[in-house]
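Residue-level listing of the chains:
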Amino acid sequence: MNYQGGCLCGGVSIEITGPIKHVMHCHCKMCQKAHGSSFASFGLVSDEDFKITGTTNIRTYKSSKNVSRTFCGVCSSNIEWIDSSEFNEGYRSFALGLLDTEFVPDSEEHIFVSTEVKWGRSCARLEKHS
């Protein structure tokens, strides 16, 4: 399956030509701050299956010793979480919110739940509207 997506302004586009191997919903404080939300959702794909265009619009912020976060310099959409340690070797972690193509994960997990915010827990119980 091919997956397509991009940022809010359309200046950065992604194409994924292989499987999205895993999904992580990260509740760490840095992801909360970077995404302005209770957690950040990332998809993990092989380097060779990830194509990105509009790279002149991409800006990078080094958020910790081994991690850089990329975002669109025009609309500020989060693009990637890049770990320079061996943890992510051979893979790319991209913001799942970029996807325009429908996707249902086979493998997913919540990480750093010890720092999850209390106001985010009620989401599953809230009334839903179209």
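This structure is a prediction, so every number in the text was calculated from the model and none was measured.

J.: Would you mind going over the nonpolar core with me for this structure?
T.: Considering soluble globular proteins, one finds that nonpolar side chains tend to be buried as a cluster. By size, the foremost hydrophobic cluster in this structure holds 18 residues, and its most contacted members are Ile14, Ile16, Ile20, Phe94, Leu99 and Phe103. Secondary-structure elements contributing two or more residues to this core are β2 (13-16) and β9 (91-95). If we ignore the near neighbours within four places in the chain, the residues touching leucine 99 are Tyr3, Gln4, Gly5, Ile14, Ile16, Ile20 and Phe94. The next biggest cluster of nonpolar side chains, apart from the first, holds eight residues, and it includes Cys26, Cys28, Val67 and Trp81.

J.: What should I look at first to understand the environment of serine 37 in this one?
T.: Here serine 37 shows up in the loop between α1 (29-35) and β4 (40-46). A C-alpha to C-alpha distance of 9.2 Å links serine 37 and histidine 27, two positions 10 residues apart in sequence. Excluding anything up to four places from it in sequence, serine 37 contacts Gln32 and Trp119.

J.: Would you take a moment to explain the environment of serine 93 for this structure?
T.: Tracing the chain through its elements places serine 93 in strand β9. Judged by relative accessible area, which is 1%, serine 93 ranks as buried. The spacing of serine 93 and phenylalanine 39 is 54 residues in sequence and 15 Å in space, taken between C-alpha atoms. Those residues in contact with serine 93, other than ones at most four positions away along the chain, are Met24, Phe42, Gly43, Leu44, Ile79, Glu80, Trp81 and Asn88.

J.: Looking at this structure, how should I read the sheet that holds strand β5 (residues 50-53)?
T.: Spatially, three strands are ordered β1-β2-β5 in an open sheet, and the strand pairing comes out antiparallel. Because the sheet does not close on itself, it has two edges, and the strands there are β1 (3-6) and β5. Sheet twist, expressed as the average angle between the axes of neighbouring strands with direction ignored, equals 15°.

J.: What should I look at first to understand the side chain of threonine 101 in this one?
T.: Take threonine 101: it is sitting in the loop between β9 and β10 (108-111). Reaching out from threonine 101, the side chain makes a polar contact with the backbone nitrogen of glutamine 4 at a distance of 2.8 Å. Sequence-distant contacts of threonine 101, defined by excluding residues within four places in its chain, comprise Met1, Asn2, Tyr3 and Gln4.

J.: What should I look at first to understand the sheet that holds strand β3 (residues 22-26) in this one?
T.: Each strand in a sheet pairs with another by means of backbone hydrogen bonds, the pair being arranged parallel or else antiparallel. Across the sheet, seven strands lie side by side as β6-β7-β8-β9-β4-β3-β10; this open sheet has mixed pairing. The open sheet has two free edges, formed respectively by β6 (58-62) and β10, since each of these has just one partner strand. Pairs of neighbouring strands in the sheet enclose a mean axial angle of 25°, with direction left out of account. Pairing of β3 with β4, which is carried by five bridges, proceeds in the antiparallel orientation. Bridge pairing in β4 links methionine 24 to phenylalanine 42.

Thresholds, definitions, all that
Residues numbered from 1 in each chain as written. Predicted model: local features only at pLDDT ≥ 70, side-chain atom pairs only at ≥ 80, totals over all residues. Heavy atoms only, no water. Core = buried A, V, L, I, M, F, W, Y, C linked by side-chain atoms within 4.5 Å. Buried < 20%, exposed > 50% of the residue type's maximum accessible area, 1.4 Å probe, protein only. Helix = DSSP H or I, 4+ residues; strand = E, 2+ residues; numbered from the N terminus. Contact = heavy atoms within 4.5 Å. Pairing = 2+ DSSP bridges. Axes fitted to C-alpha atoms, helices over the stretch in contact; angles between N-to-C directions. Polar contact = N/O pair within 3.5 Å; in protein donor to acceptor, adjacent residues only side chain to side chain.

Remember that the coordinates give geometry; whether it matters functionally is a separate question.
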